[in-house]
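Geometric and topological summary
Next come the chains, spelled out residue by residue.
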Amino acid sequence: QVQIVESGGGLVQPGGSLRLSCEGTLTSPAIFRLYNVGWYRQAPGKQRELVAAIDMGGTTNYADSVKGRFAISRDNAKNTVYLQMASLEPGDTAVYYCNAQFLGKNFWGRGTQVTVSS
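Source: prediction; values computed, not measured.

**Considerations on the state of the cysteines**
Taken as a whole and judged by the stated rule, the model has one disulfide. In this model, C22 is linked to C98 through a disulfide, with the two sulfur atoms separated by 2.0 Å. Disulfide C22-C98: the torsion about the S-S bond is -70°, which places it as left-handed. In this pair, C22 is assigned in strand β3 (residues 18-25) and C98 in strand β9 (residues 94-102), connecting sequence segments 76 residues apart. Note on C22: relative accessible area 0%, which makes it buried. Classification of C98 as buried rests on a relative accessible area of 0%.

Take a look at the structure:
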């Protein structure tokens, strides 16, 4: 079954940018393109929340708090979904998780830490 691996997190100053990657390993591009994929985040003491999602047709949706600042995209040939984050704010600090859904099953990665601080 697919394994989800996130990367690209780190420490960035307010107003900066980061690009997160979510790679689906142990599966083929022909299958990965059928997954609906979402980026979630969880800050300390808070519930995990959906940040952005992209379905197999390329339709996207975003949390109101990140609209206009974040962009989700996918490169099915690379089994990868990206989250481009710009104009980062301290409130964006969280562990970011990738979730892939296929045939009613959910697959989660281990997360990548994003810290926005001066």
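From this point on, the discussion continues.
**Details of the pairing of strand β10 (residues 105-108)**
In terms of strand pairing, β9 meets β10 through four bridges, oriented antiparallel. Residue Q101 lies in a different strand from β10, and its bridge partner there is N106. Count of turn residues in the β9/β10 antiparallel hairpin: two residues, of which L103 carries a positive phi of about 50°.

**As for the environment of G57**
You can see G57 is positioned in the loop between β5 (49-54) and β6 (60-62). Residue G57 is classed as exposed on the basis of its relative accessible area of 69%. Spatially, the C-alpha atom of G57 lies 8.3 Å from that of L34, the residues being 23 residues apart in sequence.

**Let's talk about the packing of aromatic side chains**
What the rule picks out here adds up to four aromatic pairs. Members of the aromatic cluster, each reached through a chain of ring pairs, are F32, Y35, F102 and F107. The ring of Y97 carries the charged tip of R48 above its face, separated from the ring centre by 3.8 Å. Taking the ring centre of W108 as reference, the NZ or CZ of R48 above it sits at 4.7 Å.

Criteria and thresholds
- Note that residues are indexed from 1 along each chain, following the sequence as it is written.
- For this predicted model, a pLDDT threshold of at least 70 governs which residues receive local features, and a threshold of 80 or more governs which side-chain atom pairs are given and counted, while totals over whole chains, interfaces and linings are taken from all residues.
- Only hydrogens and water are set aside when side-chain values are computed; all heavy atoms of the structure are taken into account.
- Defined by distance alone, a disulfide is two cysteine sulfur atoms within 2.5 Å.
- We count a stretch as a helix when DSSP gives it H or I for four or more residues in a row; a strand needs E for two or more, and each element gets its number in order from the N terminus.
- Exposure categories follow from relative accessible area, calculated using a 1.4 Å probe and restricted to protein chains: below 20% of the type maximum is buried, above 50% is exposed, and the middle band is partly exposed.
- In this description, strands pair whenever DSSP reports at least two bridges between them.
- Stacked, edge-to-face and tilted labels apply to pairs of Phe, Tyr and Trp rings (six-membered ring for Trp) whose centres lie within 6.5 Å, assigned for plane angles under 30 degrees, over 60, and everything in between, in that order.
- Counting as a charge over the ring demands two things of the Lys NZ or Arg CZ atom: a distance within 6 Å of the ring centre and an angle within 35 degrees of the ring normal.

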